[in-house]
Every structure is written in C-alpha cells, then in structure tokens.
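Residue-level structural notes
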Amino acid sequence: MLKYIVKRLLVMLLVLWAVSTMTYFMVHVTPGDAATAIVFNLTGGTNMDEELIERINKRFDLDKPVYVQYFNWLLGVFRMDFGISYRYNMPVMDMIKARLPNTARLGLTAVFLSALIGIPLGVLSALRQNRLLDHTSRVATLFIGSVPGFLSGLVLIIIFSLKLKWFPTSGMKTAGSIVLPAVTLALGMVATTTRMMRTGMLDVLRQDFMVVAKAKGIRRSSMLVSHAFRNALPSIVTVIGLQIGHILGGSVLVETIFAWPGLGSLLNDAVSNRDTPMLEGCVILITFGYTAINLLVDVVYAWLDPRVKYTEG
Amino acid sequence: MKKKTIVRILTVLLALALFAGCAGTGETTGTEPPKTNTPAPANTAAPTNAPAPANTPAPAEAKPAARDKVLRIAITSVLTGLDVTHGQGSTQMLEQANMLETLTVLDKNFNVLPCLATEWKRTGEKTWEFRLREGVLFHDGTPLTADAVKWCLDEKSKYVDTYAAYTQIESIDVIDDLTLRFNTSEPTSELANVLASQIGTIMAPTSFKADGTFDKPIGTGCYMYDSFDVSASILTAVFFDQYWGGDPGTSVGKRVVVSIPDASTRSLAAINGEVDIMMDAPFSELANLEQDTNLSVSKFTTTRTYYLEQNIRKEYLQDVRVRRALLYAIDRQTILDSLLMGVGGVPQGILDASMPWANTDVDPYAYDPAKAMQLLDEAGIKDSDGDGWREYNGENLELVLITMTFRPGCPLILQAMQQYYEEIGLKSVTKIVEYSTVTQMRNDNEYDLNLSSASATYVPTASYYLSSLYWSEGSNAQTIGYKNEKLDELYLECLAEDDLQKKYALAKEAQALAQEDAVFTTVMLYGAVFINSAKVTGFDYSPAVHDFIVPNSTDLMD
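Everything numeric here is computed off the predicted structure, so don't read it as measured data. (Residues numbered from 1 in each chain as written. Chains lettered and ligands numbered in written order. Predicted model: local features only at pLDDT ≥ 70, side-chain atom pairs only at ≥ 80, totals over all residues. Heavy atoms only, no water.)

Quick look at the overall build of chain A
Looking only at helices and strands, chain A features 13 helices and 0 strands. When the helices and strands of chain A are placed in sequence order, the string is α-α-α-α-α-α-α-α-α-α-α-α-α. With the C-alpha coordinates aligned to their principal axes, the bounding extent of chain A is approximately 85 × 60 × 30 Å. Out of the 313 residues in chain A, the part that is buried amounts to 47%. Contacts in chain A between residues far apart in sequence, at least 24 positions, make up 74% of those at least 6 positions apart. For chain A, the computed accessible surface area is about 15200 Å², with 69% contributed by carbon and sulfur atoms. The positive charge centre, built from 29 side chains, and the negative charge centre, built from 19, are 18 Å apart in chain A. (Helix = DSSP H or I, 4+ residues; strand = E, 2+ residues; numbered from the N terminus. Buried < 20%, exposed > 50% of the residue type's maximum accessible area, 1.4 Å probe, protein only. Contact = heavy atoms within 4.5 Å. Areas by Shrake-Rupley, 256 points an atom, 1.4 Å probe, with all protein chains shown as cover. Lys, Arg positive; Asp, Glu negative; His and termini not counted. Charge placed at Lys NZ, Arg CZ, Asp CG, Glu CD.)

Right, dumping it as structure tokens:
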C-alpha cells in the first residue's frame, strides 16, 4: 500500500507539472499580451501609454523570452512562491489563502447537502425498485440535475430571497448567505449521488450473502444497514470524492451568480485579465486538489472494502 | 478503534465544521448604535472654518445627528487591499467609503476647490506650491503635515505605475510644516486638477507598523477605517467625530462598501434591500427596476465616451468622405432609446456638453443615410455590379468592425452599426473580443473600425482627452498613424496655458479639428444608471470623479 501511495504521489507531481506547463504556454499563444491587459485594468482602457506598458513589462519580466519567464516561474513554484498577481499587485498565495476557505466552505456544505439528500433517496429508490417512489425520485433527480446552475440559482434567489426574504441574494455577510449557493451547487450533484447509491444498493441486494442473511433470519433493518448499505458505500465514496475535487474549479458559475468570493471567481477573473501568475496558482491548486482527493478516495476505498488491494502492477 | 466508530466520529466532525463554516462573518445590516471608541486626537484643535470640500455641505448647526444607520454601497470592482501607496483601493476609499481625501477637489462643473490644501499657485514653469489646511487630523489623531503628504506621494511614486505619467511630479520639497513645493518633469498648468483625482489620495505614515508592514488606512476623511474582510471584499468605515469639515448632518454612522462584480447580482441585491446604492444594472432589467417603488432609478450621462476609431492605414478610409459617411449612417438616437434603454447620451461633439471645455459647435454627424450614400458615391465606393453591395476598386468591400467585451454597451452599438451599414449597401462583419485581442488586431492592422470606450476625465483636465486620443505622439494616434500638426500645437498650448478661459478655447479649437478629421469620433456618450434604495437622500452624481462619489451628507430616511 505504501509503495502504491508513493507511486501515486510521483504521478501526481508529474500531472501537476504537465497541467501547469500546458496552461502557461496556452496563455502565451492566445492573442494579446499581459502588459496591455494590466494597463487596461489600471486605466480603464483610457490611456494605453506606451511607457506605462514598457514599465509593466519590465516589472513583471514580461519583456524576457517566454521560456525564461517560464523557468523563473517554475523556480518560484519550487519555493512555494507563485509570484505577484498582475491584476491585484498582491502575492498570488495571499489571494488564494484568502479565497480558498470560502470555496472549501461552500463546496463541503454542498457535498454534505448532496449526500444528505442523495444517499437516503438512493437507498429508498433501490428498496422500492420500479415502484412509484423509485420512478418519482429518478425523474425528479434527473430533472433537477439537468437544470443549469445559473437557472436554478436564479430561481432559488427569486423564491427564497426576493419573495420569502429568507436568505440574502449574494455575498457572505450573514450566516444564511451560504444556503442558496450551496443548495444550487448541491442540486447539480444530487442526481449523480442518488443514481450511484441506488445502483450500488441494487447490486448488493442481489448478492448471495444477502439471501443467506435473510435465510439466517437477521432483522431487515440490521441486514440493510450492516450488510447492504455498508457494502454499497465504497461506490458512493468515489462519487463524493470526485465531486469535492470538481468543486474546487467547478463552482465558478455559482460563485459569480451569488457574488461568493471564492477560488472560482478568482480563476474566472484571472482568465479574463490574462493574469498568468494567478491563473497558474489556481490551476495548480485545483489540479492538486483533484489528484489528492482521488488518491485519498482510493485509500479510503481500500479501507472500507478489504477485498480491494493495490499492488505495484 | 473500530472503523464504524471512526466513521461516526468523522461524520460528527464534518457536521460541526460545516455549522462553524455557516456562521459567516456576522456582519449586521440595518441600524445599529454608532461606535464610540474613536481615538482621542493628539492635537485637539477645532476644525477651521475654512470651506468644506465639495462633497460636504455646510455643517448642519441644528442638531448633531444620531448616526445609527448603516449605508451599504455595492461596487463593481473587487477590493483586494487598502494600501494606496501600492495603488490599492484609492477610488473606493476616496469616493465611496470617504476615508481618504485629496489636496484639492473638483465640483460638478470641474472647478478646482480647496480640500486638504487651502491655497496653491504655479510658481515657475515646472514648480507649484501648495499650502495645507491647518488643524486637520488624521484618524489616529496625528496632524496633517507637509512631511506626511510628501511621504505618501513619494511612496506612490515608487509603487504606483500610473503616478509619474499622470502627475508629472518629479520631486517634492517641504518648505515648512504646511507648505510643499512640487517639481514637475514637464511644464504643466494642471497639477491642481490632477491632484484632485484618486492618484492624489493622502494616507498617514502611521498606516504602517514600525516594521514597515501595512496596518490599516489612516486618512482624514469623514469616515474612518473600521474593518476589512479581504476574503469577502467588504470594507467598513465608521463616522469620524473629529472630522475637520464638521458635521455633514447625516444619520449614517457606518458605511459598508461591498464588491458585487456581476451586474445582475447587484440588481438582485438592490431589489432585496441588501444594498442602498449601486451602479450599472443590466440594460434589460431597467424597465422592471423602474417599477419597484422601493427603489429609485436615476440615469446620468458621464464623461466617458464610446468612440469610433477609423483605421486610416486602410486606403479607402484615408478619404475623409468615407469616414464621414460611416458616421452619418448611424442613428444614435435609436441606439440610445432602443438598445441602451436611455442610459447615456447622443453627443453634440466629442465631449459631453456639461464639460466647460466641450465644443458643441461642430458637425455632430447626425443620422442622414442619404448623405452617407452620396459621400460614398463621391468617394468611388459604389455598387457597380448591381448585387446590392458597394465595391471599392472593383472588389467587394467588407468592413471588419471590432470591439471589446468589457463594456456592455459596445457589442450592442457595434451590432446596430452593422445594420445601419447594411442599409447604405456596405457589407461588414463584427468581431467582439477581449481587450488584449483588440490591441493585437489593431497592431496587426486586421480591422477597419474599432469601437472603444474612454474616460474623458480620468485626469480631469481640458487637455487630457486630446492627449489620450488625438496627440500624434500618444499611443492611440501612433497605432494608426494619425497626425494633425495644427491639432498637436493646440494640444501643447492647452497643456501649458494658465489662463482657464484661454485653455478651454484652445481645447475647443482642437476638438473642432478632430471632429472634422473624423478619425476618432465619439459615437455615444456613456451613461451611468444608479439603483438606489428609495430611502437614500443627498446622493447626486458628479461627472468630475473617477467612479461615483457618495457625498458625506448622503443619508437614509427612516
């Protein structure tokens, strides 16, 4: 197991390097240049002064060849220095440190809500297979999951903010601010969680050991919780792990709609403004989060299901 | 420990973490008691009876206000720091939070008025002297001195990229405790105007800790720093009892400035009563917002322009008749009424008529498609093969119209232009791209017309817009090779002229030449729309500031 984890960690480093390098050069081959974008932000596009552009180029070493810029940036990354954001004139790490907890808070709440709704619904659906509850839950989750985030977010705002006045429309000023963005994010995940839970439960319920358990006269509730649910759990852990990984980068839309000051809106802003250091910082963090959670899920999977063994092959 | 137990413990911990996370920052809205822990000033000199700054009315003598209300202002930018010596938060702390001030201020008519400085004069070709107001205290009780002002501006010169280009200040000498001499790199008559802008905000040296790290912004404004949540981009300021300008007569004890970059989200926050003042709602939502009795919708024309740049590197656009035809073809009033929902204005010249140096005695190129077609015929751009489209030198002409995505009005206007050009037989294609791509296309000569937007008062002087677009040594004119020698001369004379009336006359003369040339032409005037709570009083728009100013006297009705 230890060898497996070490190997996965090395692969993770390789993935981080590949993704960040590709992103770096992709930004450089797109039309336009960073210095112009910075001066545009500084002056609102009013005075694209050549001297100012030159000064910016010098300050951020943008006048050097791309490969020199790249190696300087890479050296910085090894020292955990992701550079200075062109747009905010602040260290990238400081900005990420300020925003990451907000995204984590939003994402974990959404995953928690998704699990809270999806897991019981999936179990009930499996137990009532092909009956009204099963059909209703499948259609409902499919419908909810198909609605794009921007639409469900706006509908929730109209109902719960503008009509009922229960929650604020945006920001994170009050305790209730997290509810609507978290529910919006969770709605997109509920369908997957429910379906996976249902499938996992149905698989387990068909296993021989369940028939044996029933024949032995074990109570239904105990049979379902201790045998069926426990054995169906590993598949849902994988799904939840992937959802957590996805949330780091996938909450851009929801964060924009609800003015939630998280990593997603920071990334969106970095792309729009050619803020390469910030973009790279966000991309590395998201990639790291995704790969690390995948690794963690695999480890947890093995822990939950002793039949799973990771070998060097 | 059994796995089952571990899973249970982890579940409980996760639930607790989520509840803790949900607790938020606990920022309250609505009314609350004012803070009373204002630091005692070191120097207790009473505020002088000199005139208050432009955004402050005469001190109310009737009664000291209770100041138990919270004014919440939504801004479009993301506030990430408050160290103005590094270019952070100047505009927001000057214009919305009212924590910082400048040496001079501009009123709505662009007159320069005293603020932290009471007198100023140009003492030489490249020297100016400013006399500071006596008895002004920073929020920590330290007095405003010439040393403090010099320190702040010197720090900006090191770290703010635009400082040197805009102010032209080379060095500052302290003459005495309240007098400063500014030495500029070029002869300029406009330093007092320039220092009224956000580039001239003054912050105390005590804003920094002894180890040189930034602590908090300490200014001289009517409100002082209370808190800043960088992760949520929320700045809070509370009323400063020792304000030199006296009591503005407001019951607002606290101002909360919150970043909401998305226009739709800002509108929803206004509708729900979460913010009291916000700017720039989506055009499509204005009709609904105007129906809401809890809101007050007000539209203003700003000094920002939507301007059309005609690429005179293209042979057919070197003919002034073609350039003028392309302007006569546009029905600006319809664009304003139908697409921009009345937000903005139709220009009578290059600049908004409210600006004292605007020349409106020029051809505004009012909508006249017949004249446009006549001019194109005269220039040899005709439909020779009868297919309905005009040709140039026997080949079909297809104009490339470009604009940026950044300003929401730009794509709308560009698409309307495409329709108008079709009506006069000109085929065109539109490209709506990021600003840096626009720059690339301009550098690569891959377009015919570029619709852009610029502030005419980013530096609030009569010569600024001329230097920005028309001066042949400026980057915009250089990109397309535009040069009008007479206009260049007028610009330099305008920059150096001390007499205000002569200065404005020179600016107007230059604008007349620019309008005739029709290379950079204002197509529309940019509009600002404010969605305020109906309870807001004392708010007014000033075109002379960078973003929008919320005066010290702005209040909330019960």
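Moving on from the coordinates now.
Some remarks on helix 3 (residues 146–159) of chain B
With 14 residues, helix 3 of chain B should cover 20 Å at 1.5 Å per step; its first-to-last C-alpha distance of 20 Å lies within 8% of that length. Restricting attention to buried positions, one finds in helix 3 of chain B the residues Ala146(B), Ala148(B), Val149(B), Cys152(B), Leu153(B), Glu155(B) and Lys156(B). (Expected span 1.5 Å × (residues − 1).)

Some remarks on a positive patch on the surface
A cluster of basic side chains, namely Arg128(A), Arg131(A), Lys214(A) and Arg220(A), defines a positive patch on the protein surface. Topologically, Arg131(A) is positioned in the loop between helix 5 (92–127) and helix 6 (132–146). (Patch = residues over 30% accessible without salt bridge, like charges linked within 9 Å, V, L, I, M, F, W, Y side chains within 5 Å. Salt bridge = Lys/Arg side-chain N within 4 Å of Asp/Glu carboxyl O.)

Section: helix 7 (residues 149–163) of chain A
Residue and element names in this part refer to chain A. Along its 15 residues, helix 7 runs 20 Å from first to last C-alpha, staying within 8% of the 21 Å computed at 1.5 Å per residue. Remark: the principal bend of helix 7, roughly 30°, maps to Ile157. Lys165 lies just past helix 7 and shows a positive phi near 60°. (Bend = angle between axes of the 7 residues up to and from the residue.)

Brief notes about the packing of helix 8 (residues 320–328) of chain B against helix 10 (residues 369–378) of chain B
Residues and elements named next belong to chain B. With their axes 8 Å apart at the nearest point, helix 8 and helix 10 run at an angle of 160° to one another. The orientation of helix 8 relative to helix 10 falls into the category roughly antiparallel. Remark: the crossing between helix 8 and helix 10 carries left-handed chirality. Contacts between helix 8 and helix 10 involve Arg321, Val322, Arg324, Ala325 and Tyr328 from the former and Pro369, Lys371, Ala372, Leu375, Leu376 and Glu378 from the latter. Of the residues assigned to the contact of helix 8 with helix 10, the class counts are 7 nonpolar, no polar and 4 charged. (Axes fitted to C-alpha atoms, helices over the stretch in contact; angles between N-to-C directions. Parallel < 35°, antiparallel > 145°, perpendicular 65-115°, else oblique. Left-handed = near helix turned anticlockwise from the far one by under 90°. Nonpolar A, V, L, I, M, F, W, Y, C, P; charged D, E, K, R; others polar.)

Overview of the pattern of salt bridges
Residues and elements named next belong to chain A. Under the criterion given, the structure shown has 22 salt bridges over all chains. Note that Lys58 is salt-bridged to Asp63, the shortest N-O span being 3.8 Å. By relative accessible area, which is 45% here, Asp63 ends up partly exposed. Here Asp134 makes a salt bridge to Arg198, at a shortest N to O gap of 2.8 Å. Placement of Asp134 in helix 6 and of Arg198 in helix 8 (residues 179–205) is noted, with a sequence separation of 64 residues between them. Residues Asp134 and Arg198 agree in their burial class; the two are buried.

Digging into the nonpolar core
Residue and element names in this part refer to chain B. Formed by 137 residues in total, the largest nonpolar core has its most connected members in Ile413, Tyr421, Leu426, Tyr465, Tyr470, Tyr482 and Ile531. Per-domain counts for this core show at least three residues from each of domain 1 (3–30 + 302–527) and domain 2 (69–262 + 534–556). Residues in contact with Tyr421, not counting those within four places in the same chain, are Leu308, Leu326, Ala329, Ile330, Leu399, Leu401, Leu426 and Leu449. Within the second largest apolar cluster, 69 residues are counted, among which are Val136, Ala148, Cys222 and Val536. (Core = buried A, V, L, I, M, F, W, Y, C linked by side-chain atoms within 4.5 Å. Domains from an automatic or database assignment.)

Considering the packing of helix 5 of chain A against helix 13 (residues 276–304) of chain A
All names here are of chain A. Taken N-terminus to C-terminus, the directions of helix 5 and helix 13 make an angle of 50°; their axes are 10 Å apart at the nearest point. Judged on the interaxial angle alone, helix 13 and helix 5 are oblique. Here the hand of the crossing between helix 5 and helix 13 comes out right-handed. Where helix 5 abuts helix 13, its residues Val92, Met95, Ile96 and Leu100 lie against Pro277, Met278, Gly281, Cys282 and Leu285.

Quick notes on the sheet that holds strand 7 (residues 179–184) of chain B
Residues and elements named next belong to chain B. Read from one edge to the other, the open sheet built from 4 strands follows the order 4-5-7-6, with strand pairing classed as antiparallel. Each end of this open sheet is capped by a strand with a single partner; those strands are strand 4 (117–124) and strand 6 (169–176). On average, adjacent strands in this sheet sit at an angle of 20° to one another, irrespective of strand direction. Pairing between strand 5 (residues 127–132) and strand 7: 5 bridges, direction antiparallel. Across the sheet, Phe130 pairs through a bridge with Leu180, a residue of strand 7. Along the sheet, helix 3 contacts strand 5, strand 6 and strand 7; its crossing angle with strand 6, the most-contacted strand, is approximately 165°. (Pairing = 2+ DSSP bridges.)

Observations regarding the side chain of Thr461(B)
Residues and elements named next belong to chain B. Positionally, Thr461 belongs in the loop between strand 18 (449–455) and helix 13 (464–470). Here the side chain of Thr461 touches Glu190 through a polar contact of 3.2 Å, side chain to side chain. Separated by 3.3 Å, the side chain of Thr461 and the backbone nitrogen of Tyr464 make a polar contact. Apart from the residues lying within four places of it in its own chain, the contact partners of Thr461 are Glu190, Asn193, Val194 and Trp357. (Polar contact = N/O pair within 3.5 Å; in protein donor to acceptor, adjacent residues only side chain to side chain.)

So, a negative patch on the surface
All names here are of chain B. Together, Glu485, Glu489, Glu493 and Glu509 make up a negatively charged patch on the protein surface. Element by element, the count of residues in the negative patch is highest for helix 15 (residues 485–496), at 3 residues. For Glu485, the position within the fold is in helix 15.

Digging into unusual backbone geometry
For Met80(A), which is not glycine, the phi torsion reads 60° and is therefore positive. Locating Met80(A) in the fold gives a position in the loop between helix 4 (66–78) and helix 5. In the Ramachandran plot, Phe110(B) falls in the positive-phi region, its phi being about 70° despite a non-glycine side chain. Within the fold, Phe110(B) resides in the loop between strand 2 (104–106) and strand 3 (112–114).

Things to note about the environment of Arg274(A)
Residue and element names in this part refer to chain A. In this fold, Arg274 is placed in the loop between helix 12 (263–272) and helix 13. Since its relative accessible area comes to 10%, Arg274 is described here as buried. Taking the C-alpha atoms as reference points, Arg274 and Ile38, 236 residues apart in sequence, are found 8.2 Å from one another.

Details of the pairing of strand 18 of chain B
All names here are of chain B. Within strand 18, 7 of the 7 residues are buried, leaving the element largely enclosed by the surrounding structure. As paired elements, strand 12 (residues 295–310) and strand 18 share 7 bridges and run antiparallel to each other. From the neighbouring strand, Thr305 faces strand 18, where its bridge partner is Ala454. Pairing of strand 16 (residues 398–404) with strand 18 involves 3 bridges; the strand directions are parallel. Residue pairing across strands places Thr403 opposite Leu451, the latter belonging to strand 18.

What to know about a nonpolar patch on the surface
Residue and element names in this part refer to chain A. Taken together, Phe150, Leu151, Leu154, Val155, Ile158, Ile159, Leu164, Trp166 and Leu253 make up a surface patch of nonpolar side chains, about 810 Å² in accessible area. Ranked by residues supplied to the nonpolar patch, first place goes to helix 7 with 6 residues. Locating Ile158 in the fold gives a position in helix 7. By relative accessible area, which is 41% here, Ile158 ends up partly exposed.

Description of the packing of aromatic side chains
For the structure shown, the criterion picks out 34 aromatic pairs over all chains. The interplanar angle of 75° and the centroid separation of 5.6 Å between the aromatic rings of Trp151(B) and Phe208(B) together place this pair among those described as edge-to-face. One end of the pair, Trp151(B), is in helix 3; the other, Phe208(B), is in the loop between helix 5 (191–194) and strand 8 (223–229), with 57 residues separating them in the sequence. What makes Trp151(B) partly exposed here is its relative accessible area of 22%. Of the aromatic side chains, those joined through ring pairs into one cluster are Tyr24(A), Phe25(A), Tyr70(A), Phe71(A) and Trp73(A). Of note, Arg67(B) hangs over the ring of Phe239(B), and the distance from its end group to the ring centre comes to 3.7 Å. Lying over the aromatic face of Tyr526(B), Arg304(B) brings its terminal NZ or CZ to 5.9 Å of the ring centre. (Phe/Tyr/Trp six-rings, centres within 6.5 Å; stacked < 30°, edge-to-face > 60°. Lys NZ or Arg CZ within 6 Å of the ring centre and 35° of its normal.)

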